[in-house]
Amino acid sequence: MVDSMLGRLARWLRALGYDTVYLRHARDVELLRIARQEGRVLLTRDTRLARTARAQGLLIQTEGLDAQLREVVAALGPSGGELLSRCLDCNTPLEARAREEVVGLVPAYTLETQSEFYGCPGCGKVFWPGSHADRILARLRPLVEDPPR
Ligand SMILES: [Zn+2]
């Protein structure tokens, strides 16, 4: 679970395969409650909040996305999930979709040129391998192939 300051990091952690809850407007007490109830680690840049969360808090000390991703992987270990297996927007595990199922949901050109599609049962978004996914994977692969400790 990430606090409201770490929304961008949340998307990238999902891309790495971590089950990541991000509630933009949640107050600290709410974050702490959900983290406890669901057995989640609370990632925060707020020293006081990390201290309150005690063993369940992880204080993010670095600046910049790549450094923060390394910090999280080093602290929590590999996600155990596949890269790009969760919806970046809502965290739901993605499911494979047949081309017929995504007609009208993706641009016509994409429908013609792509053969693999993934849908999110949570928010309905459709994803497909492409240059955007390639850029994400290129950034994340080093973290998986040679995980920081
Ligand atoms: Zn979704």
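Residues numbered from 1 in each chain as written. Predicted model: local features only at pLDDT ≥ 70, side-chain atom pairs only at ≥ 80, totals over all residues.

**Notes on the overall build of the protein**
Inclusion rule: Working definition: helices are DSSP H or I runs of at least four residues, strands are E runs of at least two. Numbering for both runs from the N terminus.
Counting its regular elements, the protein contains six helices and five strands. When the helices and strands of the protein are listed from N to C terminus, the series reads α-α-β-α-β-α-β-α-β-β-α. Along the first, second and third principal axes, the C-alpha atoms of the protein reach 50 × 30 × 20 Å.

**Let's talk about the nonpolar core**
Worth spelling out the cut-off: For the purposes of this analysis, a nonpolar core is taken to be any set of buried Ala, Val, Leu, Ile, Met, Phe, Trp, Tyr and Cys residues that are connected through C-beta atoms within 7 Å. Exposed residues have 12 or fewer other C-beta atoms within 10 Å of their own C-beta, buried residues have 20 or more, and partly exposed residues fall in between, where C-beta atoms are placed from the backbone. Contacts are defined on C-beta atoms placed from the backbone: any two residues whose C-beta positions lie within 7 Å are in contact.
Residues Val2, Leu13 and Leu43 are the most contacted members of the largest nonpolar core, which totals 21 residues. Contributions of two or more residues to this core are made by helix H1 (7-16), helix H2 (28-38), strand E1 (42-44) and helix H4 (65-76). It is H1 that provides the largest number of residues to this core, a total of six residues. The residues contacting Leu13, other than those within four sequence positions of it, are Tyr18, Thr20 and Val72.

**Examining the domain arrangement of the protein**
By convention, interface size is frequently given as the accessible area that disappears when the constituent parts associate. As a reminder, the rule being used: The domain limits used here are those given by an automatic or database domain assignment.
Along its sequence, the protein is carved into domain 1 (4-76) and domain 2 (95-145). Distance from the C-alpha centre of domain 1 to the C-alpha centre of domain 2: 26 Å.

**Some remarks on helix H6 (residues 131-145)**
Worth spelling out the cut-off: Each residue after the first adds 1.5 Å to the expected span of a helix. To get the bend at a given residue, fit one axis to the seven residues ending there, fit another to the seven starting there, and take the angle between those axes.
With 15 residues, H6 extends 21 Å between its outermost C-alpha atoms, agreeing within 8% with the 21 Å of an ideal straight helix rising 1.5 Å per residue. Maximum bend of H6: about 35°, positioned at Arg139, with proline Pro142 one to four residues after it.

**Remarks on the environment of Gly119**
You can see Gly119 is positioned in strand E4 (residues 117-119). Along the backbone, Gly119 and Glu101 are 18 residues apart, and their C-alpha atoms lie at a distance of 9.2 Å. With sequence-adjacent residues up to four places away left out, Gly119 is seen in contact with Leu94, Glu95, Arg97, Glu101, Val102 and Val126.

**Focus on the sheet that holds strand E5 (residues 126-127)**
To keep things clear, this is the line we draw: Here, strands pair whenever DSSP counts at least two bridges between them.
The strand order across the open sheet built from three strands is E3-E4-E5, with neighbouring strands paired in antiparallel fashion. Taken across any chain shown, the strands that pair with only one partner, and hence form the sheet edges, are strand E3 (95-97) and E5. Inspection of the sheet shows E3 paired to E4 by three bridges, in the antiparallel sense. From the neighbouring strand, Arg97 faces E4, where its bridge partner is Phe117.

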